[in-house]
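Spelled out, the chains give:
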Amino acid sequence: MNATLAVLAKDLRLAWRDRAGWLTAGAFAAISVLTYSFAFDLATTDVRPLLPGVLWTTFLFAGVFASGAGFQSEAEEGTFDALLLAPVSPTVVFVGKLLCNFIALVVIEFALLIAATILFDEPLLTPELVAIVMLGTAGYVSLTTLLGTLGSGPRIRAVLLPVMALPLLVPMLIAAVRATGESLGLFGGDAPWMLLLGVFAVWSALVAALLFPMAVER
Amino acid sequence: MNAITRAYGLRWVVLPPLVGAGILAMLVGAVVAAPRELVEGDVQRLMYIHVPSAQAMYLAFGVVFVASILVLWKRDMRWDAVARGAASVGVLFTGFALVTGMLWGKPTWGVYWQWDARLTSTLVLFLVYAAYLLARAVSDPSDEQAARYSAVYAIVGFLDVPLIVMSVRWWRTLHPQPIVARLDPQLPDSMLLVLLISTLAIYLLAIWLIALRTDTERLGQRLLGLRAAVDRREEA
C-alpha cells in the first residue's frame with residue numbers, strides 16, 4: 001500500500017513538473033469540443049442528442065493520448081526499468097501508475113464538463129453524470145495504462161495506441177454514451193448501461209492487474 | 001506428447017491432399033449438389049462459405065488466445081510464431097465472413113451493411129486482431145518484449161469478446177438467428193450435409209494455413225537469430 005502511494009506520489013510529482021504532456025492532453029480535449037461545435041453546429045441546435053457522444057469521444061481520445069504521452073519521458077529516461085527493480089510486486093507499481101492516470105484524467109474531464117456546462121447551457125455536473133464519468137474513466141484507464149506502459153518504442157505509443165485501444169473500449173463507449181444520454185433525459189433503451197459500465201471497469205482492472213506483472217517480469 | 005510431435009511432423013504430407021479433396025467436395029456440394037433456395041435463390045449458396053469462415057475465425061482466434069497465454073507463461077518464442085500465424089489466418093477468415101455476408105446482404109436485405117449486433121461485433125473483432133497484427137508488424141519478430149506486449153493485447157482482446165457482443169446486442173439487434181446449432185435443425189438434410197462438408201473443408205484449410213504461417217514466422221525468427229550470430233562473430 002505504501003509502495004503504491006509512493007509510486008502515485010512520484011508520478012503525480014512528475015506529471016506536475018512536466019506539465020506539458022498533460023496540458024497538451026487537456027488542450028487537445030478543449031480543441032476537440034470546439035471542433036465538434038463547429039462540425040455539428042452545436043451552437044444553435046438542441047445539443048442533448050449529440051452531447052454524450054461529443055463528450056465521450058473527447059474523453060477517450062484525450063485519455064488514450066495522455067496515457068501514451070505521460071509515459072514517454074519515463075521510458076526515455078529508463079526510470080521504468082529501474083522502478084521494476086524495486087523489491088515490490090509489479091502490480092503495486094501498476095496500481096500507482098493507474099491511480100495517477102485516473103486522477104489526471106478526472107481533472108481534465110471535470111474541467112471539460114464545467115466548460116461544456118457554460119458553453120452549451122446544459123447542467124452537466126449532476127451527481128448522476130459525475131458517477132457515470134468516474135465509472136467510465138475507471139473502465140478505460142486500466143486498459144490504456146496497461147497498453148501505454150507496456151508498449152515498447154515511441155512508434156507504438158504515438159501511432160498504434162489509439163488503433164489498439166479503441167476497439168477494445170467499444171463496450172465501455174456504448175454504455176457510457178447511452179448512460180450519459182439517459183441522465184440528460186434521452187431515451188437510452190432498456191439495457192442496464194450503468195451495470196455494463198461497472199462490469200467493464202471491474203473486468204478491465206482485474207485483467208490489467210493480472211497481466212501487467214506477467215508481461216514485465218524479466 | 002511424442003504422438004502429437006510425430007503427427008505434427010506429418011503435416012506437409014497429410015494436410016495438402018486432405019484440404020484439396022475437402023475444398024473440391026465443398027465446391028461441388030455448394031455449387032451443384034445443394035438444392036436452390038426457393039426465396040433467396042442462388043445467392044444463398046454463399047452460406048456454404050460464410051458460415052464455415054465464421055467458424056474458422058473462432059478456431060483461429062482461440063488458437064491465438066491459447067498461444068498468447070503460453071508466450072507469457074513458457075517464455076518460448078515458438079508460441080509467438082503460432083499466435084501470429086493464427087492471428088493472420090483469423091483476420092483472413094473474418095474478412096471472408098464479412099465480405100460474403102455483405103454480398104449476401106445486398107440482394108437479401110437490400111443493403112450491403114446493417115448495424116446489426118452480429119455484424120458490428122464481428123467488425124470490432126476484425127479491428128482488434130488487425131491492430132494485433134499491426135503492433136506485431138512494427139516490431140522485430142525476435143523481440144521478446146514486443147512478443148509479450150502483443151500477447152497481453154491478444155489475451156485482453158479475446159476476453160473482451162463477450163463484453164463486445166453483449167454491448168453491441170443491447171445497442172442494436174437483423175442477422176438470421178442460428179438455424180443449425182439447435183436440437184431440431186431447420187435446414188433440409190441435403191443442405192445440412194453440404195454445410196457440414198464445407199465446415200470440415202474450411203477447418204482443414206484454416207489449420208493448414210495456420211501451420212504454414214507459423215512455419216514462416218518461425219523461419220523469420222531463426223533467420224534474425226542467425227544474422228545476429230553472424231554479426232557477433234564478425235565483430236569478434
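Throughout what follows, the structure given in this document is the object of discussion. (Residues numbered from 1 in each chain as written. Chains lettered and ligands numbered in written order. Predicted model: local features only at pLDDT ≥ 70, side-chain atom pairs only at ≥ 80, totals over all residues. Heavy atoms only, no water.)

This part is about the overall build of chain A. A tally of regular secondary structure across chain A gives nine helices and zero strands. Counting from the amino terminus, chain A carries its helices and strands in the arrangement α-α-α-α-α-α-α-α-α. Counting every position in chain A, which comprises 218 residues, the buried fraction comes to 49%. The contacts in chain A between residues at least 6 apart in sequence include a share of 80% that link residues at least 24 apart. With the model as given, the accessible surface of chain A reaches about 9,700 Å², and the carbon-plus-sulfur share is 72%. The centroid of the 10 positive side-chain charges in chain A is displaced by 10 Å from the centroid of its 15 negative side-chain charges. (Helix = DSSP H or I, 4+ residues; strand = E, 2+ residues; numbered from the N terminus. Buried < 20%, exposed > 50% of the residue type's maximum accessible area, 1.4 Å probe, protein only. Contact = heavy atoms within 4.5 Å. Areas by Shrake-Rupley, 256 points an atom, 1.4 Å probe, with all protein chains shown as cover. Lys, Arg positive; Asp, Glu negative; His and termini not counted. Charge placed at Lys NZ, Arg CZ, Asp CG, Glu CD.)

The helix and strand tally for chain B stands at seven helices and zero strands. Secondary structure of chain B in N-to-C order comes out as α-α-α-α-α-α-α. By its C-alpha atoms, chain B is 75 × 45 × 30 Å across when sized along the principal axes. Burial analysis of chain B (236 residues in total) assigns 42% to the buried set. Total accessible area on chain B is roughly 12,500 Å²; 68% of this is exposed by carbon and sulfur atoms. Each charge sign in chain B was given a centre, from 21 positive and 17 negative side chains, and these centres are 3 Å apart.

This part is about the interface of chain B and chain A. The interface of chain B with chain A comprises 26 residues on the first partner and 31 residues on the second. Carbon and sulfur atoms supply 76% of the area buried between chain B and chain A, which totals about 2,800 Å² over both sides. Among the residues chain B hides against chain A, the three largest losses belong to Y149, L163 and W170 of chain B. Together they make up 26% of the total. Here chain B is connected to chain A by zero salt bridges. The set of elements that each furnish at least two residues to the side of chain B that touches chain A consists of α5 (117-137) and α6 (144-171) of chain B. For the side of chain B that touches chain A, the per-class residue count stands at 19 nonpolar, three polar and four charged. (Buried area = accessible area lost by both parts, 1.4 Å probe. Salt bridge = Lys/Arg side-chain N within 4 Å of Asp/Glu carboxyl O. Nonpolar A, V, L, I, M, F, W, Y, C, P; charged D, E, K, R; others polar.)

Bringing the environment of V92 of chain A into the picture now. Residues and elements named next belong to chain A. Tracing the sequence through the fold places V92 in helix α5 (residues 90-120). Between the alpha carbons of V92 and F120 there is a distance of 41 Å; along the sequence they are 28 residues apart. Beyond its immediate stretch of four places on either side in the chain, V92 contacts A3 and T4.

A few words on the pattern of salt bridges. Close approach of charged atoms allows side chains with opposite charge to pair. Residues and elements named next belong to chain B. By the definition in use, this model includes ten salt bridges over all chains. R78 is the salt-bridge partner of D76, the closest N and O atoms lying 3.0 Å from each other. Judged by relative accessible area, D76 falls into the partly exposed class, the value being 22%. Taking relative accessible area as the criterion, R78 reaches 48% and is therefore assigned partly exposed. With a shortest N-O distance of 2.8 Å, D80 and R136 are connected by a salt bridge. A residue pair is termed long-range when its members are at least 10 positions apart, and D80 in helix α4 (residues 77-109) and R136 in helix α5 qualify at 56 residues. Since its relative accessible area comes to 1%, R136 is described here as buried.

Before going further, it helps to spend a moment on the packing of aromatic side chains. This model, assessed by the stated rule, comprises 13 aromatic pairs over all chains. Here Y36 of chain A and F40 of chain A contribute two aromatic rings whose centre-to-centre distance is 5.8 Å and whose plane-to-plane angle is 10°, an arrangement assigned as stacked. The exposure class assigned to F40 of chain A is partly exposed, which follows from its relative accessible area of 40%. Their ring planes at 15° and their centres at 4.2 Å tell us that F65 of chain B and F158 of chain B sit as a pair that is stacked. Here F65 of chain B, found in helix α3 (residues 47-74), pairs with F158 of chain B, found in helix α6; they are 93 residues apart in sequence, far enough to count as distant. By way of ring pairs, the aromatic residues F80, F94 and F212 of chain A are connected into one cluster. Geometry around W73 of chain B places K74 of chain B over its ring, the cationic atom sitting 4.5 Å from the centre. (Phe/Tyr/Trp six-rings, centres within 6.5 Å; stacked < 30°, edge-to-face > 60°. Lys NZ or Arg CZ within 6 Å of the ring centre and 35° of its normal.)

This next bit is on unusual backbone geometry. The backbone phi angle of D121 of chain A is positive, close to 50°, even though this residue is not glycine. Looking at the element boundaries, D121 of chain A is found in the loop between α5 and α6 (127-150). At R75 of chain B, a residue that is not glycine, the phi angle is positive and equals roughly 55°. Here R75 of chain B is to be found in the loop between α3 and α4.

A cluster of nonpolar side chains, contributed by L24, L27, V28, V31 and V32 of chain B, occupies part of the molecular surface with about 490 Å² of accessible area. Secondary-structure assignment places L24 of chain B in helix α2 (residues 11-33). (Patch = residues over 30% accessible without salt bridge, like charges linked within 9 Å, V, L, I, M, F, W, Y side chains within 5 Å.)

Another point: the environment of T149 of chain A. Residues and elements named next belong to chain A. Structurally, T149 is set in helix α6. Residue classification places T149 among the buried positions, given a relative accessible area of 6%. With 44 residues separating them along the chain, T149 and L105 place their C-alpha atoms 16 Å apart. Setting aside residues up to four positions removed in sequence, T149 forms contacts with F71, F80, K97 and F212. Engagement of the side chain of T149 in a polar contact is seen with the backbone oxygen of T145, the distance being 2.6 Å. A distance of 3.4 Å separates the side chain of T149 from the backbone oxygen of L146, its partner in a polar contact. (Polar contact = N/O pair within 3.5 Å; in protein donor to acceptor, adjacent residues only side chain to side chain.)

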